[in-house]
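This is what each chain is made of:
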Amino acid sequence: MSGGKKGGFIVSSHLQGEAVQDWREIVTFFSYPTRNRDYSRWPDKPEAWRAVTEEYSQKLMELACKLLGVLSEAMGLETEALTKACVDMDQKVVVNFYPKCPQPDLTLGLKRHTDPGTITLLLQDTVGGLQATRDNGKTWITVQPVEGAFVVNLGDHGHYLSNGRFKNADHQAVVNSNSSRLSIATFQNPAPDATVYPLKIREGEKSVLDEPITFAEMYRRKMSKDIDIAMKKKLAKDQLLKDLETPKLETKPIEEILS
Ligand SMILES: O=C(O)CCC(=O)C(=O)O
Ligand SMILES: [Fe+2]
């Protein structure tokens, strides 16, 4: 299998030119809409994998829609409002494998980010490593694994549709030197041409978006911002390495030199 837009096996980070790559391997596949299923990129072993995965995808799609129904009602909208705004719901499953890392302080399994889509359901094993921040990265809270439970994350799309009422979770995954870790993230996203704009703006509120845009455009802007940040970090790191390599001229007080 190969990586890329249609799914497959990918080692490490997806952003080109990053100074520090993610310490993870992923298998990803697109499960909804069903016409997007490219079975040639789905693992063919073990044999039951495809049937189990299809059932899992369907069950998670149902659960995600149920949760979006509850959130729509919490916004004072009809139950189907959020799923309707997604037009044709898209689902992508990502199996994250984080190998043991001999020097976990030097890297991250998955760098800090928000998920771009509407709602993510994450199943994690008992190792733990998912962290979230509410104060822009000053402190991190570990999301303790609960066996058989899903972590529910709202993504950027969910954030915009609710006009910021539902926060997009700012999160990362750390690695450790004792055990490898596995998590399965199931992302529910809107169709690429779905409109991104708050469904309801309450009195006295300002829209979090200046104008309606498509989800494809929202994603493009997010990626170009991420690539820009990655490039700046890489430049800063290269400069630091260059500075460290340049021999330093010893500075002495003038009296010492003249004495
Ligand atoms: O592995 C985790 O705990 C986080 C995974 C995640 O955030 C993602 O795949 O977007
Ligand atoms: Fe994530």
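Residues numbered from 1 in each chain as written. Chains lettered and ligands numbered in written order. Predicted model: local features only at pLDDT ≥ 70, side-chain atom pairs only at ≥ 80, totals over all residues. Heavy atoms only, no water.

As recorded by an unreviewed UniProt entry, the chain carries the name Naringenin,2-oxoglutarate 3-dioxygenase and is attributed to Salix udensis. According to the UniProt record, the Pathway (unreviewed entry) comment for the chain is "Secondary metabolite biosynthesis; flavonoid biosynthesis." According to its UniProt record, the chain has this under Catalytic activity (unreviewed entry): "a (2S)-flavan-4-one + 2-oxoglutarate + O2 = a (2R,3R)-dihydroflavonol + succinate + CO2". (UniProt positions renumbered as here; feature names shortened; annotations may be inferred.)

J.: Help me out: how do you make sense of the nonpolar core in this one?
T.: Generally speaking, soluble globular proteins have nonpolar side chains that are buried together. In terms of nonpolar packing, the biggest core is built from 16 residues, with L68, L71, L82, M89, I119, L154 and F166 touching the most fellow members. Those elements giving two or more residues to this core turn out to be α1 (49-74), α2 (81-85) and β5 (119-124). Ranked by the residues each element gives to this core, the list is headed by α1, at five residues. In this structure, L154 is in contact with L71, T118, I119, F166, K167, N168 and A169, ignoring residues within four places of it in sequence. (Core = buried A, V, L, I, M, F, W, Y, C linked by side-chain atoms within 4.5 Å. Buried < 20%, exposed > 50% of the residue type's maximum accessible area, 1.4 Å probe, protein only. Helix = DSSP H or I, 4+ residues; strand = E, 2+ residues; numbered from the N terminus. Contact = heavy atoms within 4.5 Å.)

J.: What am I meant to see in the UniProt feature "domain: Fe2OG dioxygenase" (unreviewed entry) in the chain here?
T.: Look at the UniProt record and you will see "domain: Fe2OG dioxygenase" (unreviewed entry) annotated at residues 86-190. Taken as a whole, residues 86-190 contains 6% helix and 40% strand, while its terminal C-alpha atoms sit 4 Å from one another.

J.: It is not clear to me how the side chain of T114 should be interpreted in this structure. Could you clarify?
T.: Residue position: T114 is located in the loop between β4 (110-113) and β5. What makes T114 buried here is its relative accessible area of 16%. A polar side-chain atom of T114 sits 2.8 Å from a polar atom in the side chain of D156. Engagement of the side chain of T114 in a polar contact is seen with the side chain of K222, the distance being 2.8 Å. What T114 contacts, discounting residues up to four positions off in sequence, is D156, N168, A169, D170, H171 and K222. (Polar contact = N/O pair within 3.5 Å; in protein donor to acceptor, adjacent residues only side chain to side chain.)

J.: What am I meant to see in the packing of aromatic side chains here?
T.: One pair of aromatic rings is described through two measures. These are the centre distance and the angle between the planes. By the definition in use, this model includes five aromatic pairs. Taking the centre distance of 5.0 Å and the plane angle of 65° together, the rings of Y39 and W42 count as edge-to-face. The exposure class of Y39 is partly exposed, given its relative accessible area of 29%. A residue is classified by how much of its surface remains accessible, and W42, at 4% relative accessible area, is buried. (Phe/Tyr/Trp six-rings, centres within 6.5 Å; stacked < 30°, edge-to-face > 60°.)

J.: Quick question: what am I supposed to make of the pattern of salt bridges here?
T.: Between side chains of opposite charge, pairing is possible as soon as their charged atoms come close. Applying the stated criterion across every chain, the model contains 13 salt bridges. Note that R50 and E54 form a salt bridge whose closest N and O atoms lie 3.9 Å from each other. In this pair, R50 and E54 are both assigned in helix α1, four residues apart and thus about one turn of the helix distant. Salt-bridge contacts for E217 lead to R221; the nearest nitrogen and oxygen are separated by 2.8 Å. Here the residue E217 and the residue R221 both occupy positions in helix α4 (residues 215-245), the gap between them amounting to four residues, near one helical turn. (Salt bridge = Lys/Arg side-chain N within 4 Å of Asp/Glu carboxyl O.)

J.: Quick question: what am I supposed to make of the site of ligand 1 here?
T.: The local shell around ligand 1 consists of N96, Y98, L110, H113, D115, L122, L130, H171, R181, S183, A185 and F187. A distance of 3.3 Å separates an oxygen atom of ligand 1 from a polar atom in the side chain of N96. Measuring from an oxygen atom of ligand 1, one finds a side-chain N or O atom of H171 at 3.0 Å. If ligand 1 stood free it would expose 290 Å²; the protein chains cover 95% of that surface. Top element by residues in the shell around ligand 1 is strand β10 (residues 181-189). It accounts for four residues. Partitioning the shell around ligand 1 into residue classes produces six nonpolar, four polar and two charged. (Near = heavy atom within 4 Å. Areas by Shrake-Rupley, 256 points an atom, 1.4 Å probe, with all protein chains shown as cover. Nonpolar A, V, L, I, M, F, W, Y, C, P; charged D, E, K, R; others polar.)

J.: Which parts of the structure should I look at to understand the sheet that holds strand β6 (residues 130-133)?
T.: Pairing between the strands of a sheet is mediated by backbone hydrogen bonds and can be parallel or antiparallel. The strand order β4-β9-β6-β7 describes an open sheet built from four strands, whose pairing is antiparallel. Edge strands, defined here as strands with exactly one partner in the open sheet, are β4 and β7 (141-142). (Pairing = 2+ DSSP bridges.)

J.: I'm lost on the coordination of the iron ion (ligand 2) in this one. Help?
T.: Ideal geometry at a metal centre gives angles of 109.5 degrees when four donors are arranged tetrahedrally and 90 or 180 degrees when six donors are arranged octahedrally. H113 (NE2), D115 (OD) and H171 (NE2) make up the full set of protein donors to the iron ion (ligand 2), lying at 2.1 to 2.2 Å. Spacing between the donor residues of the iron ion (ligand 2) along their common chain follows H-x1-D-x55-H. Here H171 lies in strand β9 (residues 170-173) and D115 lies in the loop between β4 and β5, a separation of 56 residues in the sequence. Summarising the burial analysis for this pair, D115 and H171 share the class buried. (Donors = N, O, S within 2.8 Å, 3.2 Å for Na, K, Ca; no water.)

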